[in-house]
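Residues per chain are reported as follows:
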Amino acid sequence: DAGVIQSPRHEVTEMGQEVTLRCKPISGHDYLFWYRQTMMRGLELLIYFNNNVPIDDSGMPEDRFSAKMPNASFSTLKIQPSEPRDSAVYFCASSKDRPNIQYFGAGTRLSVL
Amino acid sequence: SQQGEEDPQALSIQEGENATMNCSYKTSINNLQWYRQNSGRGLVHLILIRSNEREKHSGRLRVTLDTSKKSSSLLITASRAADTASYFCALRPETEKLVFGKGTKLTVNP
């Protein structure tokens with residue numbers, strides 16, 4: 001398996017623009033997680049899905065953030081409108097049920113100018 | 001807070017020496033996991049220890065867990081320059097999600 005695939009690897013955009021991050025989890029995994037990593041706050045869980053259903057979105061910072069998982073092989077994280085404070089590295093991870101070892105993608109480095 | 005706290009925040013050693021990192025936490029856990037992150041990369045799982053286990057080994061890695069003290073340690077023996085990375089402990093409470101600490105940045109000097 002190719003592992004968790006994220007795109008794009010880098011995204012530079014201007015404040016107010018819509019940003020869409022994409023993730024393809026490992027085939028057969030039941031769970032998908034979206035994280036944000038910054039120097040100040042470390043690695044924060046934004047939302048996670050189980051069998052394509054959102055289970056916990058308590059980490060989503062604002063209504064500007066939304067995530068979808070239309071099928072078992074694809075998920076998106078959207079920020080609309082983007083702000084400079086959204087600049088971070090966003091990771092997607094997937095896991096099978098028990099023992100929930102997570103496999104991370106390479107991340108998307110987002111810069112909002 | 002459910003988050004684990006790693007100690008030290010940064011560690012610099014010479015190649016061949018052992019590196020020890022600690023993780024303390026406050027919540028009850030189902031298991032505790034350690035991950036490594038090389039600069040500019042995603043996290044990679046290293047080892048998982050369940051709440052009813054006290055010690056696990058994997059190659060040059062040794063992990064201990066003391067649930068009475070709510071602490072874990074990761075020992076890397078005979079370190080190599082390639083071990084230079086950030087190391088994170090991740091707690092699994094009773095839910096499926098993991099809660100990551102802020103990490104220990106390890107530098108192994110050749």
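For the structure itself, consult the block above.
Rules of the game
- Each chain carries its own residue numbering, running from 1 in the direction its sequence is written.
- Think of it this way: whatever chain is written first is A, whatever ligand is written first is 1, and the rest follow in order.
- Local features in this predicted model are restricted to residues of pLDDT 70 or higher, and side-chain atom pairs are both shown and tallied only at a pLDDT of 80 or more, whereas totals for entire chains, interfaces and linings draw on every residue.
- Excluded from the side-chain calculations are hydrogens and water; all other atoms, namely the structure's heavy atoms, are used.
- Secondary structure is summarised from DSSP: a helix means a run of H or I of at least four residues, a strand means a run of E of at least two, and numbering begins at the N terminus for each.
- Buried, partly exposed and exposed residues are distinguished by accessible area as a fraction of the type maximum, computed with a 1.4 Å probe on protein chains only: under 20%, between the cut-offs, and over 50%, respectively.
- By the convention used here, residues are in contact when the closest approach between their heavy atoms is within 4.5 Å.
- All accessible areas in this document rest on Shrake-Rupley with a 1.4 Å probe, and a residue is counted as covered only by the protein chains that are shown.
- For the purpose of counting charges, residues Lys and Arg are taken to be positive, whereas Asp and Glu are taken to be negative. His and the chain ends are not included.
- Lys charges are placed at NZ, Arg charges at CZ, Asp charges at CG and Glu charges at CD.
- Paired strands, in this sense, are two strands between which DSSP finds at least two bridges.
- Whenever a helix is involved, its axis is fitted only over the stretch in contact; in every case the axis is a line through C-alpha atoms, and angles between N-to-C directions fall within 0 to 180 degrees.
- The criterion for a disulfide is a pair of cysteine sulfur atoms lying within 2.5 Å.
- Put simply, a salt bridge is a Lys or Arg side-chain nitrogen that is within 4 Å of an Asp or Glu carboxyl oxygen.
- For this analysis, a polar contact is any N or O atom pair within 3.5 Å, provided that within protein one partner can donate a hydrogen and the other can accept it, and provided that sequence-adjacent residues contribute only side-chain to side-chain pairs.

(A) Quick look at the overall build of chain B. Each helix and strand counted, chain B has 0 helices and 11 strands in total. Counting from the amino terminus, helix and strand elements in chain B follow one another as β-β-β-β-β-β-β-β-β-β-β. A burial count over chain B gives 45% of its 110 residues as buried. A sequence separation of at least 24 residues applies to 55% of the contacts in chain B between residues at least 6 apart. As displayed, chain B offers around 5,400 Å² of accessible surface, 42% of which is attributable to carbon and sulfur atoms. Considering chain B, the positive charge centre built from 15 side chains and the negative charge centre built from 11 side chains are found 3 Å apart.

(B) Inspection of the sheet that holds strand β8 (residues 74-79) of chain A at higher detail. All names here are of chain A. Pairing is antiparallel in the open sheet, where 4 strands are placed in the order β1-β3-β8-β7. Two strands in the sheet have a free side with no partner beyond their single neighbour: β1 (5-7) and β7 (65-71). In this sheet, neighbouring strand axes are inclined to one another by 15° on average, regardless of whether the strands run parallel or antiparallel. In the sheet, β7 pairs with β8 via 5 bridges, with the strands oriented antiparallel.

(C) Representation of the state of the cysteines. Throughout the structure, instances matching the rule amount to 2 disulfides over all chains. Two residues, A:C23 and A:C92, share a disulfide whose sulfurs are 1.8 Å apart. Note on the A:C23 and A:C92 pair: the S-S dihedral is about -65°, so by sign convention the disulfide is left-handed. Taken as a pair, A:C23 in strand β3 (residues 19-24) and A:C92 in strand β9 (residues 88-95) lie far apart in primary sequence, 69 residues in all. Just as A:C23 is buried, A:C92 falls in that class too. Between B:C23 and B:C89 runs a disulfide, and the two sulfur atoms are separated by 2.0 Å. Looking along the S-S bond of the B:C23-B:C89 disulfide, the torsion reads about 60°, which is the right-handed sense. Taken together, the residues B:C23 in strand β3 (residues 19-24) and B:C89 in strand β9 (residues 85-92) connect sequence positions 66 residues apart. No difference in accessibility class separates B:C23 from B:C89, as the two residues are buried.

(D) The interface of chain B and chain A, seen in detail. Taken residue by residue, the interface counts 19 residues in chain B and 22 residues in chain A. Our count for the chain B to chain A interface comes out at 1 salt bridge. Taking the shortest distance from any N to any O, the salt bridge between B:K97 and A:D56 comes out at 2.8 Å. Summed over the shared surface of chain B and chain A, the number is 4 residue pairs in polar contact (both at pLDDT 80 or more).

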